[in-house]
Amino acid sequence: MDYKKTAEGIILSQKDFELSQTLDCGQAFRWSRDEDGSYSGFFLNSFLRISSIKEGVFLFHGITEDEFLGVWKDYFDLETDYGELKMRFSQDETLAKACSFAPGIRLLKQDTWETLCSFIISQNNNIPRIKGIISRLCERYGGFPDAEVLSGETAESLSYLRSGFRAKYIVDAAEKTASGMISLEDMRVMPYEQAKNSLMTIKGVGPKVADCVLLYGMYRTEACPVDVWMKRVTECFYPDGMPECTKGLEGIAQQYLFHYVRSDPGVLNMGKQ
């Protein structure tokens, strides 16, 4: 990571980073692509507009060095060497192709509570609708509300979200988090299976949503969310489990595989030959 301060903001030189591959791959829902190709979005209530100047060079518009180092450096996981990770993953033939297909994906280090709430909303849903629900939630509260605020709501009072059955799950998550019945902070250091099972005590949180929260909201890189695409990948290429070169980093490897097969489903046929 190399950066410099300018009158326009922070200019970052960073290998292995591409905006659309990172911000449009389904791991976060508060980013939108502007007409000029830049992206605007939030980490909690910190706003950022970021654009690509040229390959590997990015402008963080109008922010200070303290904001860059205090928020966005960690959010974009800029101190992790993704070139080294891709080299490690490329010991596997399919992963080598996936890493070459979308070499600019990075894992976003998101807020745990926002991630939990967002992926509850994501169930059986499409990305435009997920973004709409989250946008209405933030508009009502002037930012993303914490668990304590939402614990005072009911499924009925959240009807303005138009989130359907998910409203009661949001309330249950808020009540259990705010009351201390579950501790999101403790889950960061619990054994993986224990943390996953604890998350699944929340109504509506199954294995996939729990793994999304662990991966995107807690940086538990051993968590590997399995949706319909990843189920096809494992059935086709990894019936005995993810390859050894991904051990402890299955969640990051999953990012490359998910984007690869979702963008070109034909690769699944190759694995059946």
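Since the model is a prediction, treat every value here as computed from it, not as a measurement.

Participant: I'd like a rundown of the packing of helix α5 (residues 112-121) against helix α11 (residues 207-218), residues and numbers included.
Facilitator: Where α5 contacts α11, the axes come no closer than 9 Å and their chain directions differ by 150 degrees. Crossing of α5 against α11: the hand is right-handed. Of the residues in α11, those touching α5 at Thr112, Thr115, Leu116, Phe119 and Ile120 are Val209, Cys212, Val213, Tyr216, Gly217 and Met218. The class makeup of the residues in the contact of α5 with α11 is eight nonpolar, three polar and no charged.

Participant: Quick one: what's the story with unusual backbone geometry, residue by residue and with numbers?
Facilitator: Unlike most non-glycine residues, Asn124 shows phi in positive territory, near 50 degrees. Under the relative-accessibility criterion, Asn124 is labelled exposed at 72%. For Tyr219, which is not a glycine, the phi torsion comes out positive at approximately 55 degrees. Tracing the sequence through the fold places Tyr219 in the loop between α11 and α12 (228-237).

Participant: So what's going on with the pattern of salt bridges? Residues and values would help.
Facilitator: According to the stated counting rule, one finds 13 salt bridges in the structure shown. With a closest N to O distance of 3.3 Å, Asp74 and Lys73 form a salt bridge. By relative accessible area, which is 37% here, Asp74 ends up partly exposed. Residue classification places Lys73 among the buried residues on the basis of a relative accessible area of 12%. One salt bridge in this structure joins Lys97 and Glu93, with 3.6 Å as the shortest N-O distance. You can see Lys97 and its partner Glu93 sitting in helix α4 (residues 93-101), four residues apart, about one turn around the helix. Relative accessible area serves as the criterion here: at 59%, Glu93 is assigned to the exposed category. Through salt bridges with shared partners, a single network forms among Asp34, Asp36 and Arg49.

Participant: Got a sec to walk through the packing of helix α3 (residues 82-89) against helix α13 (residues 250-263)? Specific residues and values, please.
Facilitator: One way to put it is that α3 packs onto α13 with a least axis distance of 11 Å and a crossing angle of 80 degrees. Taken together, the axes of α3 and α13 lie roughly perpendicular to each other. Listed contacts from α13 to Tyr82, Leu85, Lys86 and Phe89 of α3 are Ile252, Ala253 and Tyr256. Class assignment for the residues of the contact of α3 with α13 results in six nonpolar, no polar and one charged.

Participant: With reference to specific residues and values, describe the pairing of strand β4 (residues 39-43).
Facilitator: Looking at chain direction, strand β3 (residues 31-33) and β4 are connected through three bridges and run antiparallel. Bridging across to β4, Trp31 finds its partner in Gly41. Note that β4 and strand β5 (residues 46-54) share five bridges and pair antiparallel. Looking across to β5, one finds that Ser40 is bridged to Arg49. The loop that links β4 with its antiparallel partner β5 comprises two residues; one of these, Leu44, has a positive phi angle of about 50 degrees.

Participant: Just give me the short version of the sheet that holds strand β6 (residues 57-61), but keep the residues and values in it.
Facilitator: Ordered by their spatial adjacency, six strands build an open sheet running β1-β2-β6-β5-β4-β3, and the pairing between neighbours is antiparallel. Edge positions in the sheet fall to β1 (2-6) and β3, since each has one partner strand and no second. Adjacent strand axes in the sheet meet at a mean angle of 25 degrees, parallel and antiparallel pairs treated alike. Here β5 runs beside β6; their pairing, made up of four bridges, is antiparallel. The residue bridging Ser51 from the neighbouring strand is Leu59, located in β6.

Participant: Account for the nonpolar core, with residues named and values stated.
Facilitator: Membership of the largest hydrophobic core comes to 68 residues, with the highest contact counts inside it found for Phe89, Trp113, Leu116 and Leu199. Top contributing element to this core by residue count: α11, with eight residues. With near-sequence residues (within four places) excluded, Leu116 lies in contact with Ala173, Thr177, Leu184, Leu199, Ile202, Val205 and Val213. With 19 residues, the next largest nonpolar core counts Ile10, Phe60, Tyr75 and Phe76 among its residues.

Quick notes on the rules
Residues numbered from 1 in each chain as written. Predicted model: local features only at pLDDT ≥ 70, side-chain atom pairs only at ≥ 80, totals over all residues. Heavy atoms only, no water. Axes fitted to C-alpha atoms, helices over the stretch in contact; angles between N-to-C directions. Helix = DSSP H or I, 4+ residues; strand = E, 2+ residues; numbered from the N terminus. Left-handed = near helix turned anticlockwise from the far one by under 90°. Contact = heavy atoms within 4.5 Å. Nonpolar A, V, L, I, M, F, W, Y, C, P; charged D, E, K, R; others polar. Buried < 20%, exposed > 50% of the residue type's maximum accessible area, 1.4 Å probe, protein only. Salt bridge = Lys/Arg side-chain N within 4 Å of Asp/Glu carboxyl O. Parallel < 35°, antiparallel > 145°, perpendicular 65-115°, else oblique. Pairing = 2+ DSSP bridges. Core = buried A, V, L, I, M, F, W, Y, C linked by side-chain atoms within 4.5 Å.

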